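Structural description and commentary
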Amino acid sequence: MGSDRPQGGDGGSTDASDLRAWLASSLRDQRFSPAERDELEKRLDRAPDLPRRERRRVAIDVARASLGSQKQTRHTLDWLHDVLTVLEEHPARAVPSSTPQTCFSPGDGPVREIQERLHRAREAVDICVFTITDDRLAKSILACHRRGVPVRVISDDDKAHDRGSDIRRLRDAGVPVRVDQSEHHMHHKFALFDRRTLLTGSYNWTRSAARFNREHVVFLDDPGLVRTFGDHFEELWRAFA
């Protein structure tokens, strides 16, 4: 049966006809596996300008063409439900990724933009930064947490004990916080907003970074980078449990 499963992509682009052929191959055993879900998402990454309505139409056409007995109909509809979930939830974009936005310090540009992203977050915020001592950012993190948005913070164990660190304040307020337990530093500076936007750069979340240091922060909506950094965040979260 393994030879009947849809094969991985060749790295090229995906259009409606390619999607139709792949979906028809997926439907042969009337089952939508986790591996197929991953493969379909990869194919959609290569089809950023394929409208969601067109995706849905192709899937329905493939399902309709396969309908037969009542038992087959039930399995086909189960398959269609799972496939449409991916087709409709996966973000459709006019281009593979939006233009990166960059802010520099000295100056409050990075702080204002980070605060805005925290304010707009609705699904999840994952923060992985060396240190947090800027009370303005800590306040925005707490506001996000109190709105009910799941927030997680990873930081460096040594810096968490520095004078002015906001890590204990966040933890005491109920924000899940984990730190490394090592003689070395957890020196990352990145964050993920709603699993769609990546923040990265040299910028430490400190008053000194805003007032004096020459730093930068970049915001990107590239799905591949968001996924890669998200996977690394999960690795660190498990390692620091």
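In what follows, the structure referred to is the one given above.
What you are looking at is a predicted structure, and each value in this text was computed from that prediction instead of being measured.

Structural notes on the sheet that holds strand 5 (residues 189-193)
- Ordered by their spatial adjacency, 7 strands build an open sheet running 1-7-6-5-2-3-4, and the pairing between neighbours is mixed. Only two strands of the sheet have a single neighbouring strand rather than two, namely strand 1 (101-105) and strand 4 (177-179). Between one strand axis and the next, the sheet turns by 10° as a mean value, whatever way the strands run.
- By the bridge criterion, 3 bridges tie strand 3 (residues 151-155) to strand 4 in an arrangement that is parallel. Residue valine 153 lies in a different strand from strand 4, and its bridge partner there is valine 177.
- Packing of helix 10 (residues 223-239) onto the sheet brings it into contact with strand 2 (125-129), strand 3, strand 4, strand 5, strand 6 (197-201) and strand 7 (215-220), and relative to strand 3 it is tilted by some 70°.

Looking at helix 10
- Between its terminal C-alpha atoms helix 10 stretches 24 Å, which fits the 24 Å expected from 17 residues at 1.5 Å a residue.
- All of the buried residues along helix 10 are Val226, Gly230, Phe233, Leu236 and Trp237. Along the long axis of helix 10, the arc covered by the buried residues comes to 125°, so they all point the same way. Across helix 10 from its buried face, at more than 90 degrees, point the exposed residues Arg238 and Ala239.

Rules and cut-offs
Residues numbered from 1 in each chain as written. Predicted model: local features only at pLDDT ≥ 70, side-chain atom pairs only at ≥ 80, totals over all residues. Heavy atoms only, no water. Pairing = 2+ DSSP bridges. Helix = DSSP H or I, 4+ residues; strand = E, 2+ residues; numbered from the N terminus. Axes fitted to C-alpha atoms, helices over the stretch in contact; angles between N-to-C directions. Contact = heavy atoms within 4.5 Å. Expected span 1.5 Å × (residues − 1). Buried < 20%, exposed > 50% of the residue type's maximum accessible area, 1.4 Å probe, protein only. Arc of directions from axis to C-beta.

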